[in-house]
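Observations on chain architecture
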Amino acid sequence: MSLQTHFADTRPKLFLDMDGVLCDFVTAAERVMVERNLDRAEVAREYGFYLGLAPLPGAIEAVGELDKVFNIYILTTPKWSNPSSFMEKRMWIERHLYNPGFKKLILTHNKGLFSGRALVDDNPTRNNQNAFGGELIVFGQSPFEDWSKVLPYLLENPNKAPHNHDNDWIEDIANGR
Ligand SMILES: [Mg+2]
């Protein structure tokens with residue numbers, strides 16, 4: 001694989017968050033908080049914390065399946081106060097994803113800069129996710145509670161989101177219906 005391969009990939013772009021989507025941040029944070037008597041902010045500044053996160057159930061398998069259909073990018077926000085998190089996210093991808101994540105890592109504090117088929121993220125606002133140019137799939141909330149829900153949805157709707165009829169009335173009014 002090479003960067004040129006990525007650039008020539010015309011398949012729909014799919015952006016995946018790391019913490020809370022691919023990596024189990026919460027379980028590890030709670031464990032370290034108790035074990036070492038740290039608060040949440042201190043935990044996230046610990047050297048080695050991000051590299052040691054376990055994958056969330058089904059995440060690695062899901063990325064493998066999605067990689068057959070989508071041009072995947074990992075779109076994640078590192079901890080500004082923990083520069084090692086920038087490095088450890090790169091190392092985590094090598095350890096757990098390798099091929100689907102090879103040279104596909106984007107570190108940003110503004111996810112609204114990007115556009116594609118979808119962004120899968122557990123937080124809809126903190127890093128401007130709601131300005132993403134495409135569907136925002138909020139991981140961990142109904143109807144996308146976990147990978148068993150998100151994976152089939154994306155595989156069944158690779159090119160665009162199904163029409164949401166909730167807002168049909170707005171269109172009806174606009175069209176004088
Ligand atoms: Mg997250």
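The structure reproduced in this document is the subject of the present report. (Residues numbered from 1 in each chain as written. Predicted model: local features only at pLDDT ≥ 70, side-chain atom pairs only at ≥ 80, totals over all residues.)

Attention now goes to unusual backbone geometry. Residue Pro-143 is bonded to the preceding Ser-142 through a cis peptide linkage, with omega at 5°. In this fold, Pro-143 is placed in the loop between β5 (133-138) and α6 (147-156). Within the chain, Tyr-98 stands out as a residue other than glycine whose phi angle is a positive 30°. Here Tyr-98 lies in the loop between α5 (84-96) and β3 (105-107). Its 10 C-beta neighbours within 10 Å are what place Tyr-98 among the exposed residues. At Asn-128, a position not held by glycine, the phi torsion is positive, near 65°. (Helix = DSSP H or I, 4+ residues; strand = E, 2+ residues; numbered from the N terminus. Buried ≥ 20, exposed ≤ 12 C-beta atoms within 10 Å, placed from the backbone.)

Right, let's get into the environment of Asn-99. Relative to the assigned elements, Asn-99 resides in the loop between α5 and β3. Overall, Asn-99 belongs to the exposed group, with 10 C-beta atoms counted inside 10 Å. Separated by 83 residues in sequence, Asn-99 and Leu-16 place their C-alpha atoms 15 Å apart.

Everything listed here is a matter of geometry and, on its own, says nothing about what the molecule does.
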